Amino acid sequence: AQKITQTQPGMFVQEKEAVTLDCTYDTSDQSYGLFWYKQPSSGEMIFLIYQGSYDEQNATEGRYSLNFQKARKSANLVISASQLGDSAMYFCAMREGTRAGSYQLTFGKGTKLSVIP
Amino acid sequence: GAGVSQTPSNKVTEKGKYVELRCDPISGHTALYWYRQSLGQGPEFLIYFQGTGAADDSGLPNDRFFAVRPEGSVSTLKIQRTERGDSAVYLCASSLNTGMEETQYFGPGTRLLVL
């Protein structure tokens, strides 16, 4: 089974509008972390936001917020007031806590966001 | 400050050749990770170093792949007898420490093409 599922291969949003990128995850761990990264066409992965499994409040970082619904195992990224520079691939990733000493990230397949002027 | 750097940015080689990919992490970062990203996919974990030692190499696909970090800073990913299926972007990331919330900062990647 996929550990991270991003069901939207591509999304379009009008400039200045908000957009939600979906992410569901699968883990039996009680302690885990969820990350979102942005990958522009240049290829570099840029960290956007983090949510820990024990965090009671949804994470926010500027125009980015994470809609964390633990019971549904979803961690959707919300981008408010979209800008042309937001056009990129967006990856959801998870770090699980089961294996001591293993801090690898498991990534989804990504969503390509295109912002329309 | 300087981010994670990787060299070369692009590498074209022939099937069967040996290649080395270099990663220079952010200064002071103790943890270093290698990932591989195939076209249309998310990055996949290869190996993780804590200091000089490989703490987790469970993602290396086979024994043609090897990585070192002899002084706990720069790391080299080595691929022997390259195959066309090794063509991908190889990403390196580093983090200050290890922990659930530690952010991994990625380099720009090395695009490897095996002809």
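So, here's what we can say about the structure. Every value quoted in this text rests on a predicted model; they were computed, and no experiment measured them. Numbering of residues starts from 1 in each chain and follows the order in which that chain's sequence is written. Chains carry letters from A onward and ligands carry numbers from 1 onward, assigned in written order. Totals for whole chains, interfaces and linings use every residue, but because this is a predicted model, local features are given only for residues with pLDDT of at least 70 and side-chain atom pairs only at 80 or more, for both listing and counting. Derived side-chain values reflect all non-hydrogen atoms in the structure, with water molecules and hydrogen atoms excluded from consideration.

1. Notes on the pairing of strand E6 (residues 53-56) of chain B
Residue and element names in this part refer to chain B. Quick reminder of the rule: One bridge is not enough; two strands pair if DSSP finds at least two bridges between them. Secondary structure elements are taken from DSSP: a helix is a run of H or I of four residues or more, a strand is a run of E of two residues or more, and numbering for both begins at the N terminus.
Bridge analysis of strand E5 (residues 44-50) against E6 gives 3 bridges, and the strand direction is antiparallel. Following the sheet pairing, Gln50 is matched in E6 by Gly53. The antiparallel pairing of E5 with E6 creates a hairpin that spans 2 residues between the two strands, and Gly51 there sits at a positive phi of about 70 degrees.

2. Topic: the state of the cysteines
Residue and element names in this part refer to chain A. Let me state the cut-off plainly: Whenever a pair of cysteine sulfur atoms sits within 2.5 Å, that pair is classed as a disulfide.
Throughout the structure, instances matching the rule amount to 2 disulfides over all chains. Across the disulfide, Cys23 is cross-linked to Cys92 (sulfur-sulfur distance 2.0 Å). Its S-S torsion of about -65 degrees marks the bond between Cys23 and Cys92 as left-handed, since a negative value means left-handed. With Cys23 in the loop between strand E3 (19-21) and strand E4 (24-25) and Cys92 in strand E10 (residues 88-96), the pair connects residues that are 69 residues apart, well separated along the chain.

3. A short note on the interface of chain A and chain B
Quick reminder of the rule: Contacts: residue pairs with any heavy atoms within 4.5 Å of one another. The buried area of a pairing is the accessible area, by a 1.4 Å probe, that goes missing from both parts when the two are put together, added over both. Here a salt bridge means any side-chain nitrogen of Lys or Arg lying within 4 Å of a carboxyl oxygen belonging to Asp or Glu. We define a polar contact as two N or O atoms separated by no more than 3.5 Å, with the added condition that, inside protein, one atom must be a possible hydrogen donor and the other a possible acceptor, whereas residues neighbouring each other in sequence contribute only through side-chain atom pairs.
With 25 residues of chain A at the interface, the matching set in chain B holds 24 residues. Each partner contributes to the roughly 1900 Å² buried at the junction of chain A and chain B, and carbon and sulfur atoms together form 53% of this total. Broken down residue by residue, the surface that chain A buries against chain B is led by Arg95, Tyr103 and Gln104 of chain A, which jointly contribute 27%. Taken together, the connections running from chain A to chain B amount to 0 salt bridges. Summed over the shared surface of chain A and chain B, the number is 7 residue pairs in polar contact (both at pLDDT 80 or more).

4. Focus on the sheet that holds strand E3 (residues 19-24) of chain B
Residues and elements named next belong to chain B. How we decide: An axis is simply a line fitted to the C-alpha atoms; with a helix, the fit covers only the stretch in contact. Between two such axes, the angle follows the N-to-C directions and lies from 0 to 180 degrees.
Sheet architecture is open: 4 strands sit in the order E1-E3-E8-E7, paired in antiparallel fashion. Looking at the sheet topology across the chains shown, the edges are occupied by strand E1 (5-7) and strand E7 (65-68). Adjacent strand axes in the sheet meet at a mean angle of 15 degrees when their direction is disregarded. Where E7 and strand E8 (residues 75-79) come together, 4 bridges link them in antiparallel fashion. Across the sheet, residue Phe66 finds its bridge partner in E8, namely Lys78.

5. Examining the environment of Ser27 of chain B
Residues and elements named next belong to chain B. Put simply, the rule reads: Remark: exposure states derive from per-residue accessible area (1.4 Å probe, protein chains only) relative to the maximum for the residue type, with buried under 20%, exposed over 50%, and partly exposed in between.
For Ser27, the location among the structural elements is in the loop between E3 and strand E4 (31-37). Owing to a relative accessible area of 71%, Ser27 belongs among the exposed residues under this scheme. Considered as a pair, Ser27 and Asp86 are 59 residues apart in the sequence and their alpha carbons are 29 Å apart.

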